[in-house]
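# Observations on chain architecture
Chain residues, written in single-letter form:
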Amino acid sequence: MTRISRFLILFGALFIGATLVTPQPAKAASEVKISTKYTPGTIVVRTGKRRLYYVTGRGRAIAYRVGVGRAGRQWAGSTRVARKVTNPSWINPYDKKRKVIPPGPRNPLGPRALALAHGQYAIHGTNNPGSIGGAVSLGCIRMYNKDVLDLYRRARIGTKVVVTR
């Protein structure tokens, strides 16, 4: 027997039957200790921990929860931020027609993207906040939109990015 539920989304709240379910707020970025081998301004991604760190000072960083590449799509190494993109458009790599998805709620890149050198990967927002904390992407690093807006403001073109497992 199949059960069909009806729901209505109104002003960011989900109503199921007579019950109001409000979305859980994203966990805020937090200041943490990190290895002192990274210089201030470096972005460090630890895919196994599902965390991105923006180094703010000697041994200090801002930690953000992230989504990372799924099995077979994770990578490790060093690169740099090549471009900063406001309201990026997206092209589904599996779409043979190469249809461009403009900025907006259907666009999985969110409001900002930091394109990494060599052009294959980026650090970006998401239209699916439930994916943060998982191994879900084609290799890009996903962040909550509020967090990618904060990182976008802090990072510069040329910022070093270190990705470890």
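In this report, we go over the structure that sits alongside the text.

Cut-off values and rules
- Residues numbered from 1 in each chain as written.
- Predicted model: local features only at pLDDT ≥ 70, side-chain atom pairs only at ≥ 80, totals over all residues.
- Heavy atoms only, no water.
- Helix = DSSP H or I, 4+ residues; strand = E, 2+ residues; numbered from the N terminus.
- Buried < 20%, exposed > 50% of the residue type's maximum accessible area, 1.4 Å probe, protein only.
- Contact = heavy atoms within 4.5 Å.
- Areas by Shrake-Rupley, 256 points an atom, 1.4 Å probe, with all protein chains shown as cover.
- Phe/Tyr/Trp six-rings, centres within 6.5 Å; stacked < 30°, edge-to-face > 60°.
- Lys NZ or Arg CZ within 6 Å of the ring centre and 35° of its normal.
- Salt bridge = Lys/Arg side-chain N within 4 Å of Asp/Glu carboxyl O.
- Core = buried A, V, L, I, M, F, W, Y, C linked by side-chain atoms within 4.5 Å.
- Polar contact = N/O pair within 3.5 Å; in protein donor to acceptor, adjacent residues only side chain to side chain.

Now for the overall build of the protein chain. Counting its regular elements, the protein chain contains 1 helix and 15 strands. A burial count over the protein chain gives 39% of its 165 residues as buried. For the protein chain, contacts bridging at least 24 residues in sequence account for 58% of all contacts bridging at least 6. Within the structure as shown, the protein chain displays about 10200 Å² of accessible surface, and the carbon and sulfur contribution to it stands at 55%.

The next point concerns the packing of aromatic side chains. Tallying each qualifying case throughout the model produces 1 aromatic pair. With centroids separated by 5.1 Å and ring planes inclined at 10°, the aromatic side chains of Trp-75 and Tyr-121 adopt a geometry described as stacked. Here Tyr-121 lies in the loop between β11 (112-116) and β12 (122-124) and Trp-75 lies in the loop between β7 (60-69) and β8 (77-86), a separation of 46 residues in the sequence. Owing to a relative accessible area of 15%, Trp-75 belongs among the buried residues under this scheme. Tyr-121 sits in the buried class, given a relative accessible area of 18%. One residue, Lys-84, lies across the ring of Tyr-152, its end atom 4.5 Å from the ring centre.

Within the structure shown, the criterion is met by 4 salt bridges. One network of salt bridges, with partners in common, ties together Asp-150, Arg-153 and Arg-154.

Among the nonpolar cores identified, the biggest contains 24 residues, and Ile-43, Leu-52, Leu-114, Ile-123, Met-143 and Leu-151 are the most heavily contacted of them. For this core, the secondary structure elements donating two or more residues are β5 (43-46), β6 (51-57), β7, β11, β12, β14 (141-143), α1 (145-154) and β15 (160-164). Top contributing element to this core by residue count: β7, with 4 residues. Every residue in contact with Leu-52, bar those within four places of it in the chain, is listed here: Ile-43, Val-44, Val-45, Ile-62, Ala-63, Tyr-64, Val-66, Ile-123, Ile-141, Met-143 and Leu-151.

Turning to its location among the elements, Asp-95 is positioned in the loop between β9 (90-91) and β10 (100-101). At 3.0 Å, the side chain of Asp-95 forms a polar contact with the backbone nitrogen of Lys-97. A distance of 3.1 Å separates the side chain of Asp-95 from the backbone nitrogen of Lys-99, its partner in a polar contact.

Below, the discussion takes up the environment of Leu-149. Along the chain, the position of Leu-149 falls in helix α1. Taking the relative accessible area as the measure of exposure, Leu-149 reaches 37% and is therefore partly exposed. Through-space distance from the C-alpha of Leu-149 to that of Gly-125 is 8.1 Å; in sequence the pair is 24 residues apart.

All right, on to unusual backbone geometry then. A positive phi angle, near 50°, is found at Asn-87, a position not held by glycine. With respect to the helices, strands and loops of the structure, Asn-87 is situated in the loop between β8 and β9. For Arg-98, which is not a glycine, the phi torsion comes out positive at approximately 60°. With respect to the helices, strands and loops of the structure, Arg-98 is situated in the loop between β9 and β10. By relative accessible area, which is 47% here, Arg-98 ends up partly exposed.

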